[in-house]
Structure formats: structure tokens, C-alpha cells
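Summary of structural features
Spelled out from the first residue to the last, the chains are:
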Amino acid sequence: MLAAIFKKPFNLSMEDYLLPKLDKKELLVKVEVCGLCGTDFHIFSGESYSKPPVITGHEFVGIVSDKGSEVFNFEIGDRVAVDPNIYCGECKFCREGKINYCENLKALGVSINGGFAEYSIVSGSQAYLLPKDFSSNTAAFIEPLSCCIRGMDRASIKHGENLVILGGGTIGLLMVQLAKISGAGKIIVIEPIAEKREMAYQLGADYVLDSNSHELLARIKDLTTGGADVVIECVGQRAAADMAIKVARKGGRIILFGLAGKNDSINLNLHEFFLKELSVKSSLLNPFTFSRALNILVNKKVQVEKLNPVLKNLTCLETILSQPRDLSVIKYQITPN
């Protein structure tokens, strides 16, 4: 089969790959679509953890083509979405129910072979059955949406609270819709690209501001009467993290959601931080949120169709990854030949 094998930074090779024999608790999944995530760009450039050589791709959907003798929840022909994060269940954190902190975490498409291939072998425990008429392109968004749900859980938005979302890329636009479901008051998106600002309006933002505006801070403070109750940073860049602190009100809560490079950092004004009594949290992976994301998408509470361009050839993946790109901007779906 054709597979995209990450060998070292900036080295992604399209090769014929021979799959091993199925284990008794594993599924053979014929990949229909696999999302290209910002994490994949970070892996490709050496800015995020991976364990090469490995088949990349961690947001994928496919059809069960074969199964092990001890897989009883799925039948050949079933369509499934795959949760890539595999927890050991035995370490201290797993025993405490904090599975996203697992000391022995493995991830399909990161540390073990994933979905940028014609077929993928996955544990039956990682697969989720999809309704027969549910779009595969939409289902590929279950994994990123499940991570966004974790971020929203961390934000603990109360009805009527004002929210600023930094970044109007795929993740930011998912956050807009989740915030609306959560009962946020004013939802304000900050985004430099006009097309994405328009998309944010269409998907439920109340105000969308250009991050290049010289009056940005004054405008936010005016809209929120002094600052946002909650700020969710969805860019993964120092400037966005700095901005999050500036636009939060006293007693505000900040979620640093965007994945930054390994060496990225911010300068924190301790005096300002002290006076505001801010709470700053990060958000890691998708503990126990995959089913919730599936349910939200199946019931059409979140729209992803406009975020979902489809590329029909796996061999173009290397070209895409090699191009300079705002990691928050686009989510592709890759369909093997």
C-alpha cells in the first residue's frame, strides 16, 4: 500500500509499505479521509514530538476491512472514526482518570503508524462506529473537535460571559460554535484574514476584529466593559499569547490552546499579571471527549462543511507540508488513490 512515512524533519517519503499481521484485538481500516492538522506541520518541521520512522496522520476515518478474532463490537464493512490517543491504563495518571497525562502515551500518526496511508491497523478500543449516512469528510473532524471540547471544558464558560477567541482558523471556528452552544454572551474573534473573519460571522461570532487594527485593544475593552471574562488562544504563537493576557479582564480566565513550537516562549509582565489575578490554563489532548464530539457532529450542532476542502491524491501531501503556512488556517482532508 502507499503510505506517507516521516523519517526525519523535512523528510516525508511516499513509499510502498507492507502491513504486519493483525493482532486478535485489532482492526484493519481502509482509510477514506485523514485530516492534515497543525500538529502534522510541527512534526514535519521537527518542532513537535514524533518517533520516526512513522506513518503520519492522526485524524482519520475509514471502513473496517478485516478484524482480529477478539474484536466483537465491529463488523467488516462498518465505517469508523479513530481516536489516535492510546493510554496505558496502568500509570499513576491513568489510575487517577487523568489519561491525557499518561506516562506511556502512544498516538497513531505520531509515535505509531497512523492514517496517511491506504490502510491502517488500529486497536478495536480506539474505533468509534459511525452512522451509515454520516459524511466521512465531516467525521474526520471528530478528533480536532474532541480536543476543542477539552479546551472548552477547561474554560468553564458561564452563560452570558464575554469571550475572545484569538485566531479564526479551523480550531478557532470550531471554538466559536462550541462557545455559542455553551451560552457565551458576546463572542469576539480576532483574525487578520478577511475571508476568515467573514466565516467567523457566518458561524456565530458577534464581533470579528482585525488583529492588525491599531485600535484593537480599545475596541475589545469597549465591547466587553474592560476586558473579556474568558480568552481562548487558538494560534500557537507568542504574539497571540501576549495578546490574550492584555485583553483579559481582572479575574479573567485564559486558555492557551494553540500548539506552539518547542522553543517558543512569552515574556510575562508579573506586575500586570498580579494585579489582574488571571487564571491561565493549557489544554492537552481529548480525555473522554471523543464520543461527545461524535454526538455533536452527528446531531449537526457544529458545522464543518465550509472548513473541509478535499484533496484526492495522497502524493500531494509532501508538497503541502513543505510550504510555509499559518498553522491555524486550513485543515485538509487527504484521500488516498
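Please refer to the structure placed before this passage.
So, here is what we can say about the structure in this document.

We now examine unusual backbone geometry. With an omega of -5°, the peptide bond running from Pro52 to Pro53 counts as cis. Among the structural elements, Pro53 can be located in the loop between helix 1 (38-44) and strand 4 (54-55). Look at Lys300: it is not a glycine, yet its phi comes out positive at around 60°. Positionally, Lys300 belongs in the loop between helix 10 (290-298) and strand 17 (310-311). The exposure class of Lys300 is exposed, given its relative accessible area of 73%.

Axis separation between helix 4 (residues 142-155) and helix 5 (residues 170-181) bottoms out at 10 Å; the angle between their running directions is 55°. By the criterion of interaxial angle, the relationship of helix 4 to helix 5 is oblique. Helix 4 and helix 5 meet at a crossing whose hand is right-handed. Here Pro144, Leu145, Cys148, Ile149, Gly151 and Met152 of helix 4 come into contact with helix 5, specifically with Ile171, Leu174, Met175, Leu178 and Ala179. Classifying every residue of the contact of helix 4 with helix 5 gives ten nonpolar, one polar and no charged.

To continue, consider the sheet that holds strand 13 (residues 207-209). Pairing in this open sheet of six strands is parallel, and the strands run 13-12-11-14-15-16 from one edge to the other. Only two strands of the sheet have a single neighbouring strand rather than two, namely strand 13 and strand 16 (279-282). The sheet shows a mean angle of 20° between the axes of neighbouring strands, direction not considered. The strands that helix 4 touches are strand 14 (228-233), strand 15 (248-256) and strand 16; relative to strand 15, the one it contacts most, it runs at about 155°. Where helix 6 (residues 194-202) meets the sheet, it contacts strand 12 (187-190) and strand 13, and its direction lies at approximately 170° from that of strand 13.

Below, the discussion takes up the pairing of strand 2 (residues 11-16). Two strands pair when backbone bridges link them, and strand 1 (residues 2-8) and strand 2 are joined in this way by six bridges, in the antiparallel orientation. The partner of Ala3 across the bridge, within strand 2, is Glu15. Hairpin connection, strand 1 to strand 2: the antiparallel pair is bridged by two residues, and Phe10 has positive phi, about 65°.

With that settled, consider the packing of aromatic side chains. Scanning all chains against the criterion turns up three aromatic pairs. Taking the centre distance of 5.6 Å and the plane angle of 75° together, the rings of Phe10 and Phe44 count as edge-to-face. Residue Phe10 is located in the loop between strand 1 and strand 2, and its partner Phe44 is located in helix 1; the two are separated by 34 residues in the primary sequence. Phe10 sits in the exposed class, given a relative accessible area of 57%.

Our focus in this paragraph is helix 10. Burial in helix 10 covers these residues: Phe290, Ala293, Leu294, Ile296 and Leu297. One side of helix 10 carries all its buried residues, which in axial view fall inside an arc of 165°. Elements in contact with the buried residues of helix 10: strand 6 (79-82), strand 10 (127-129), helix 3 (136-139), helix 4 and helix 5. At the exit of helix 10 stands Lys300, carrying a positive phi of roughly 60°.

Time to look at the sheet that holds strand 4. One open sheet accounts for three strands, arranged 2-1-4; its pairing is antiparallel. Where the open sheet ends on each side, the last strands, each with one partner, are strand 2 and strand 4.

The next thing to look at is the environment of Asn263. Structurally, Asn263 can be placed in the loop between strand 15 and helix 9 (270-276). Each C-alpha atom, one on Asn263 and one on Gly62, is 35 Å from the other, the two residues being 201 residues apart in sequence.

Definitions and cut-offs
Residues numbered from 1 in each chain as written. Predicted model: local features only at pLDDT ≥ 70, side-chain atom pairs only at ≥ 80, totals over all residues. Heavy atoms only, no water. Helix = DSSP H or I, 4+ residues; strand = E, 2+ residues; numbered from the N terminus. Buried < 20%, exposed > 50% of the residue type's maximum accessible area, 1.4 Å probe, protein only. Axes fitted to C-alpha atoms, helices over the stretch in contact; angles between N-to-C directions. Parallel < 35°, antiparallel > 145°, perpendicular 65-115°, else oblique. Left-handed = near helix turned anticlockwise from the far one by under 90°. Contact = heavy atoms within 4.5 Å. Nonpolar A, V, L, I, M, F, W, Y, C, P; charged D, E, K, R; others polar. Pairing = 2+ DSSP bridges. Phe/Tyr/Trp six-rings, centres within 6.5 Å; stacked < 30°, edge-to-face > 60°. Arc of directions from axis to C-beta.

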